[in-house]
Every structure is written in structure tokens, then in C-alpha cells.
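In case you want the letters, here they are:
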Amino acid sequence: MNQTFAKRAESLAPAAVYEILKHCGPGKAIAFAAGNPGADAIPGEVIAGYMAEALTMPIPQTLLYAPTEGYPPLREKLVADLKSKRNIGNDDDKIIITQGATQAIEIVTKVFCNEGDVIISENPSFTGSLSAFKSYGVQIEGVDMEHDGMCMEKLEETLKKHPNARFIYTIPNFQNPTGWTTSLEKRKKIYELAKKYNTLILEDDPYGDLRYFGEDIPTIKSMDTDGIVLYAGSFSKTISPGLRVGYLLMHKNYMEKLAAAKQISDVHSPSVNQIVVHKMMTEFTMERQLADVRAIYNRRLQLTCDCIDKYLGGRVSYVKPEGGLYVYVQLPAEINVDDFCGQALKDGVGIVQGHSFEVTPDPNSPYFRINFSSPTDENLEKGIRILGDVLKKF
């Protein structure tokens, strides 16, 4: 057969993290590459119980076609919680349930972007989002990250250069891959610039509930009086990624087109999974789940930083995140990050190069990312000790 792919598929390729993970697991390398929650942070027995309860509900509620917008009680509960706990949303906003935040990002791109349009993104950023953007043939303009968010001067320069940019993509809380948090001052500035240059903001907040110390910072969506912020969230990091339940909150004017775009993709998200999440929120209580998750990850974050200081200290640098799942480590300039990560994998630890997350990969980028949520405490220390041995070889 001599078949050609569609032009839009030319940029599609497996993310580096998934290629690395093929070499990780029991009997293989320790996985620092994934973005998985820890298995001990997932309330498996509770989920199984609620799943069984859901399957005893009347078939029309669980096993027939359902509204594309999502399970109504879950949507109502989410709207209420976002309003009361984060001051997000008003009477002009609507919510749609998606299969994780990644689907929310994909359908926003599908609905708002033509081939050749410009999206402005943090650089580096989440590879899943960058891949979604590229799949629609858009031009991604990266704005370099600083420890407190995007460089505002570069953001405005980019908006001036591309006055028809479709939206600004940002992960303000404990960003993937850096773990850095956008300051309140910069959040206000991003919103101000979006209004000034007449563009939308896609605020991706899968880690917002995973703060371990410091004060919560208001979301950009909470500042939105003009209906220009689309807010994506997920239960993948707080309950289970396998349930594939996320959501998108947006101005009501966008709902019809976004629901139609999702309908084309999958008709609707699985009803049983949505019911399980709703039961978690109303019966098990999310506050209890979040407290457990934060306690586990806070301990692992501290262990990770202690081990970096012990085994890599003096030769690498990093900013300790206040939450999330990642620590972004900077190697000495004279060390090639691809060589370092390749040797680490041979020696038993899978880590991801920082340039894998960049809009335009720079092989000279000195960073690599450590995910501290999924490894056990034992593997965290063992893996970082191995990285220290690898560093000595360079």
C-alpha cells in the first residue's frame, strides 16, 4: 500500500514522555517521566463502590446516550463549587463535561482556530496542548516563562506582532513542566493585555487544588467580566486520570459550538464515570480526598527536594514549587541534556528533557523534569541517587 497521510497529521508524533515510559515500570527503569498521580492517592475502593452503585441506577441514566454537555447533577455541582470556592463563573457562564482537560483544549482549538491562525502559549508548556494546537495547523508563538509566569514584555510584543491571535494559553498554577506559578500581578496583566488586543484566554488549571504551602492566587477566570476567559479543569490529578472527567467553563455564547465539536468527537463522556465523580463530590466529599492527596504529595515534594540537595546539590538548580506534580531541574551549561537523560535511562531512571516541552525545541536547553507524584518514596530516593551518580559521569 502506498497511502499518504492528511496534511494535518504531518506534525503528529508520540510525545517524548510516552516513548520514555515504554522503558519504565516493574523490572525496568524508575519512571520520573510520567504525569500520573500516585497509585496510593487514588481512592480505588471508594471509586469501585460508587461505580457499582452507578450501575444499579436506571439504565436511561447510565447506559444509554446522554447529553453531550454532561451529567446534569455533576454540572450543577461543579458550577456551585467553582463559584463558592474560587469565585469563578456568573450567570453568563456555562459548563461542559469533557474527557479530561485535554479534550477541552482540543475542542477550543477546533472551534476557534483556522489553519494558519496564531495561538500564543507559554514556553515551555504541556505537550498534549501543543500537539492539539499543531494538529489543527495553527502557528504557535511561544512566550518564555520566568519563575513567576510569562515574560510580560515578550507577551505584549507578541500580541502587537500578531494582533489577530486567537487566544493566549496559560497554566497559571504549578505549570507543567516547570512547576512555576504565575503571580497575581502577571495574571492581572495577562487579562488586561487580552482585553487590549481583543483576544481570548484559555486558562488550563488541572493542578489548582494541589497547593501544599503558600496562599491561593485568584484565577484569571475570576477576573473575567468580559467573557473572554475559557477555564479548563480536571479530576485526573485529584481523583483518577482513568475516569477521564474534565470540564470547560465558558461564556454562554460559546456553548453551542463547543458542544457540537465535542459531539463529533465522542457524542458524550461516559455517564457512569461522571456519576462516580459526582458521588465523590457529594457523598465522599472532595475536601477529604484533597486533604489526603495533598498530604501524600507534600511529603513527596519535600523528599524530592531533600534528595536533589543531597545527591545533586551544588551542580544543579531548581525552584521548589508550591504545589503540583513536577520539579524542573537545571543542569550545568556544559552538560548536554539529551546525553544526560539517555545515560539516566540506561542506568535505570526515565526523565524528560525540558526541550520536549518547548514550542520550538532548543537542544541546548539545560532542563529536565522530575514527576514526584507517581514513584514510591523508596523509588524517589533511589532514582535521584542514580541521577547523582549519572551527573558524576559528566
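Everything that follows concerns the structure shown earlier in this document.
Values in this document were obtained by computation on a predicted structure and should not be read as measured data.

Caption draft 1: Geometry of the side chain of Ser373. Mapped onto the secondary structure, Ser373 falls in the loop between strand 14 (367-371) and helix 12 (377-393). One polar contact links Ser373 to Asn371, side chain to side chain, over a distance of 2.8 Å. Every residue in contact with Ser373, bar those within four places of it in the chain, is listed here: Asn36, Pro37, Gly38, Tyr297, Arg300 and Leu325.

Caption draft 2: Focus on a nonpolar patch on the surface. On the surface, Leu55, Ile59, Leu63 and Leu64 cluster together to form a nonpolar patch covering roughly 390 Å² of accessible area. Residue placement: Leu64 occurs in the loop between helix 3 (59-62) and helix 4 (72-86).

Caption draft 3: Structural context of the packing of aromatic side chains. With the rule as written, the count across this model stands at nine aromatic pairs. Measuring from centroid to centroid gives 4.6 Å for Tyr328 and Tyr367, while their planes differ by 5°, and the two rings are stacked. Taken together, the residues Tyr328 in strand 11 (residues 326-330) and Tyr367 in strand 14 connect sequence positions 39 residues apart. The exposure class of Tyr328 is buried, given its relative accessible area of 2%.

Caption draft 4: Region of interest: the sheet that holds strand 6 (residues 167-170). Overall, mixed pairing links the eight strands, which are arranged 2-9-8-7-6-3-4-5 in an open sheet. One side of each edge strand has no neighbouring strand; the edge strands of this open sheet are strand 2 (93-98) and strand 5 (149-150). Lying over the sheet, helix 9 (residues 255-266) contacts strand 2, strand 8 (229-234) and strand 9 (246-251), oriented at roughly 5° with respect to strand 2.

Caption draft 5: Structural view of the packing of helix 5 (residues 100-112) against helix 9. Between helix 5 and helix 9, whose axes approach to 9 Å, the crossing angle comes to 115°. When the axes of helix 5 and helix 9 are compared, the crossing they make is right-handed. When helix 5 is examined against helix 9, the residues Gln103, Glu106, Ile107, Val108, Lys110, Val111 and Phe112 are found in contact with a partner set consisting of Lys257, Leu258, Ala261, Lys262, Ser265 and Asp266.

Caption draft 6: Local environment of the sheet that holds strand 10 (residues 317-318). Here four strands make up an open sheet; going across it, the order is 10-11-14-13 and the pairing antiparallel. Edge positions in the sheet fall to strand 10 and strand 13 (352-353), since each of these pairs with one other strand and no more. As defined by bridge partners, strand 11 adjoins strand 14 across five bridges and the pair is classed as antiparallel. What sits directly across from Tyr328, in strand 14, is Arg369. Seen against the sheet, helix 10 (residues 271-311) touches strand 10, strand 11 and strand 14 and runs at an angle of roughly 15° to strand 11.

Caption draft 7: Highlighting the pairing of strand 7 (residues 200-204). A large share of strand 7 lies buried, amounting to five of its five residues. Side chains Leu200, Leu202 and Asp204 project from strand 7 onto one buried face, and the interleaved Ile201 and Glu203 project onto a second face that is buried too. As judged from the four bridges shared by strand 6 and strand 7, these two strands associate in the parallel manner. Paired with Thr170 across the bridge in strand 7 is Glu203. Between the parallel pair strand 6 and strand 7, the chain is carried across by helix 8 (residues 184-196), and the sense of this crossover is right-handed.

Caption draft 8: Looking closely at helix 8. Taking 1.5 Å per residue, 13 residues should reach 18 Å; helix 8 reaches 18 Å between its end C-alpha atoms and fits that length. Buried within helix 8 are the following residues: Lys186, Arg187, Ile190, Tyr191, Leu193 and Ala194. The buried residues of helix 8 occupy an angular sector of 165° when the element is viewed end-on, so they sit on one face. Relative to its buried face, helix 8 has exposed residues pointing more than 90 degrees away, namely Glu185 and Lys196. Of the surrounding elements, those touching the buried residues of helix 8 are strand 4 (139-146), strand 5, helix 7 (152-161), strand 6, strand 7 and strand 8. Where helix 8 ends, the next residue or the one after it, Asn198, has phi of about 55°, a positive value.

Caption draft 9: Broad picture of the nonpolar core. The biggest cluster of nonpolar side chains holds 87 residues, and the ones touching the most others in it are Leu155, Leu230, Leu248, Phe340, Phe368 and Leu387. Per-element accounting of this core gives the leading share, seven residues, to helix 10. Beyond its immediate stretch of four places on either side in the chain, Phe340 contacts Leu331, Ile335, Ile351, Phe368, Leu387, Val390, Leu391 and Phe394. Grouped together as the second largest cluster of nonpolar side chains are 27 residues, Ile47, Ile97, Ile239 and Phe284 included.

Caption draft 10: Fine view of the pattern of salt bridges. Overall, the coordinates contain 26 salt bridges when judged by the stated rule. For Arg300, the salt bridge is made with Asp40, and the minimal N-O distance between the two is 2.7 Å. In this pair, Arg300 is assigned in helix 10 and Asp40 in the loop between strand 1 (30-31) and helix 2 (44-54), connecting sequence segments 260 residues apart. Under the relative-accessibility criterion, Arg300 is labelled buried at 4%.

About the cut-offs
Residues numbered from 1 in each chain as written. Predicted model: local features only at pLDDT ≥ 70, side-chain atom pairs only at ≥ 80, totals over all residues. Heavy atoms only, no water. Helix = DSSP H or I, 4+ residues; strand = E, 2+ residues; numbered from the N terminus. Polar contact = N/O pair within 3.5 Å; in protein donor to acceptor, adjacent residues only side chain to side chain. Contact = heavy atoms within 4.5 Å. Patch = residues over 30% accessible without salt bridge, like charges linked within 9 Å, V, L, I, M, F, W, Y side chains within 5 Å. Areas by Shrake-Rupley, 256 points an atom, 1.4 Å probe, with all protein chains shown as cover. Salt bridge = Lys/Arg side-chain N within 4 Å of Asp/Glu carboxyl O. Phe/Tyr/Trp six-rings, centres within 6.5 Å; stacked < 30°, edge-to-face > 60°. Buried < 20%, exposed > 50% of the residue type's maximum accessible area, 1.4 Å probe, protein only. Pairing = 2+ DSSP bridges. Axes fitted to C-alpha atoms, helices over the stretch in contact; angles between N-to-C directions. Left-handed = near helix turned anticlockwise from the far one by under 90°. Right-handed = clockwise from strand over helix to strand, strands pointing away. Expected span 1.5 Å × (residues − 1). Arc of directions from axis to C-beta. Core = buried A, V, L, I, M, F, W, Y, C linked by side-chain atoms within 4.5 Å.

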